[in-house]
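Here's the letter readout for the chains.
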Amino acid sequence: MPIWETTMLEVSNLGVRYGRHVALDGVSARVSKGEICVILGANGAGKSSFLGAVAGLVGTEPGTSIVMNGKDVTKLDAHLMVEEGVALVPEGRGIFGELTVAENLRLGSHARRAKADAGKMLDFVYGLFPRLAERPRQLAQTMSGGEQQMVAIGRALMSKPDILMLDEPSLGLSPLLSKELFKSLAIIAGEGFGILLVEQNARLSFKTADRGYLIETGRIVGEDTAPNLLNDAKVMSAYLGAVAH
Ligand code: ATP
């Protein structure tokens, strides 16, 4: 049995509103162990709202169900979601520029679930991103965009998540750096972490992902394996960024 048949995160009928504006309506998605799952959609489709809702940062509508490792976590706040194994790398990375690389990473290991394995996780992060291992004392704000993305992913991994969520991680990176980033994501998934990312870059994300969802104005309009989506000319021409790399 492939490891990704073990569902870890199951989102059903997710609804998010901002006042009268319905940002997400009846959205369902799941992520399994070792699986890379991508949610693809244009600007404003609701991608960040989806990740924010799962991370416990954005309130959800009645009827929403979010289950993590078999436990109902629909109403948990963000710090408790971290303890349930959900880590978010937000858009814009959210690292602390005036702290060093090592200090940023240490912040991630404050989660209770992470403390005992902090050393092991740090070795994993430094092995994954040798550039960080070479510069633990460098201030994060003096790192390049690609390196800052490594710090952000490293910090999220330090909380020892089951599911790593990333909000448009390739935004602002060169095509080459984006490719390297996706290679790292494949290595992370290979270690058994589930990965859920939202992206506008269809080609690159489908090349790496196992499965994809298409989201338009707050609703899921398609779902398939990533190879099928990659070979679907209609899908590829419909999504911004499909021809960019
Ligand atoms: P982008 O790629 O531009 O970040 P997105 O797919 O992540 O877009 P969201 O940021 O989730 O989309 O936004 C979905 C919709 O909800 C948009 O119409 C947006 O304007 C609206 N929205 C998001 N956050 C808020 C908020 N705090 N208050 C009001 N409306 C919001």
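Residues numbered from 1 in each chain as written. Predicted model: local features only at pLDDT ≥ 70, side-chain atom pairs only at ≥ 80, totals over all residues. Heavy atoms only, no water.

Peer 1: Describe the layout of surface pockets, naming the residues involved and giving the relevant values.
Peer 2: There is about 400 Å³ of room inside the largest pocket. Lining the largest pocket we find 21 residues, and of these Val 82, Ala 87, Leu 88, Arg 155 and Ser 159 sit closest to its centre. Residue assignment for the lining of the largest pocket shows that the elements contributing at least two residues are helix H2 (78–83), strand S6 (86–89), helix H3 (101–108) and helix H6 (145–158). For the lining of the largest pocket, the class distribution of residues is 15 nonpolar, four polar and two charged. Summarising the domain contributions, the lining of the largest pocket has at least three residues from each of domain 1 (1–85 + 165–238) and domain 2 (92–160). Put simply, the second largest pocket is a space of about 280 Å³. Every residue lining the second largest pocket is counted, 17 residues in all, and those nearest its centre are Phe 129, Met 150, Leu 177, Glu 180 and Ser 184. For the lining of the second largest pocket, the secondary structure elements donating two or more residues are helix H5 (130–134), H6 and helix H7 (175–190). When residues of the lining of the second largest pocket are assigned to their parent elements, the largest contribution, six residues, is made by H7. When the residues that make up the lining of the second largest pocket are grouped by side-chain class, the tally is nine nonpolar, four polar and four charged. Each of domain 1 (1–85 + 165–238) and domain 2 (92–160) contributes no fewer than three residues to the lining of the second largest pocket. (1 Å grid on protein atoms, 1.4 Å probe; cavity = no way out; pocket = protein on both sides within 12 Å on 5 of 7 lines; lining within 4 Å. Points joined across faces, edges and corners; volume = space filled by probe spheres on them. Helix = DSSP H or I, 4+ residues; strand = E, 2+ residues; numbered from the N terminus. Nonpolar A, V, L, I, M, F, W, Y, C, P; charged D, E, K, R; others polar. Domains from an automatic or database assignment.)

Peer 1: Break down the sheet that holds strand S7 (residues 163–167) for me, citing the residues and quoting the values.
Peer 2: On the basis of which strands lie adjacent, the open sheet formed by six strands has the order S6-S7-S8-S3-S9-S10 and mixed pairing. Edge strands, defined here as strands with exactly one partner in the open sheet, are S6 and strand S10 (219–225). In this sheet, neighbouring strand axes are inclined to one another by 20° on average, regardless of whether the strands run parallel or antiparallel. In terms of strand pairing, S6 meets S7 through four bridges, oriented parallel. (Pairing = 2+ DSSP bridges. Axes fitted to C-alpha atoms, helices over the stretch in contact; angles between N-to-C directions.)

Peer 1: I'd love a proper account of the site of the ligand, names of residues and values included.
Peer 2: What surrounds the ligand is a group of 14 residues, the closest being Asn 43, Gly 44, Lys 47, Ser 48 and Ser 49. Interatomic distance of 3.2 Å between a side-chain N/O atom of His 21 and an oxygen atom of the ligand. Glu 168 has a polar side-chain atom sitting 2.9 Å from an oxygen atom of the ligand. Looking at the shell around the ligand, the elements that each hand over two or more residues are strand S2 (21–32) and helix H1 (47–54). A total of three residues in the shell around the ligand trace back to one element, the largest contributor, which is H1. (Near = heavy atom within 4 Å. Polar contact = N/O pair within 3.5 Å; in protein donor to acceptor, adjacent residues only side chain to side chain.)

Peer 1: Report on unusual backbone geometry, specifying residues and quantitative values.
Peer 2: Glycine aside, a negative phi is what most residues show, and trans is what most peptide bonds show. Its identity as a non-glycine residue notwithstanding, Asn 13 has a phi of 55°, on the positive side. Here Asn 13 lies in strand S1 (residues 7–18). Even without being glycine, Thr 217 reaches a positive phi, approximately 30°. With respect to the helices, strands and loops of the structure, Thr 217 is situated in the loop between strand S9 (211–216) and S10.

Peer 1: How would you sum up the sheet that holds strand S4 (residues 65–68)? Please name residues and give values.
Peer 2: If you trace the four strands from one edge of the open sheet to the other, you get S2-S1-S4-S5, paired in antiparallel fashion. Because the sheet does not close on itself, it has two edges, and the strands there are S2 and strand S5 (71–72). Alignment of S4 against S5, held across two bridges, turns out to be antiparallel. Bridge assignment links Val 67 to a residue of S5, and that residue is Asp 72. Together, S1, S2 and S4 form the strand contacts of H1, whose direction differs from that of S1 by roughly 120°. (Contact = heavy atoms within 4.5 Å.)

Peer 1: Report on the nonpolar core, specifying residues and quantitative values.
Peer 2: Counting residues in hydrophobic clusters, the biggest one holds 46 residues, and the most contacted among them are Leu 132, Ile 153, Leu 157, Leu 164, Ile 188, Ile 195 and Phe 206. Per-element accounting of this core gives the leading share, seven residues, to H6. Per-domain counts for this core show at least three residues from each of domain 1 (1–85 + 165–238) and domain 2 (92–160). Apart from residues no more than four positions distant in its own chain, Leu 132 is found in contact with Val 101, Val 125, Tyr 126, Met 143, Glu 147, Met 150 and Val 151. With 29 residues, the next largest nonpolar core counts Val 54, Val 73, Tyr 213 and Ile 215 among its residues. (Core = buried A, V, L, I, M, F, W, Y, C linked by side-chain atoms within 4.5 Å. Buried < 20%, exposed > 50% of the residue type's maximum accessible area, 1.4 Å probe, protein only.)

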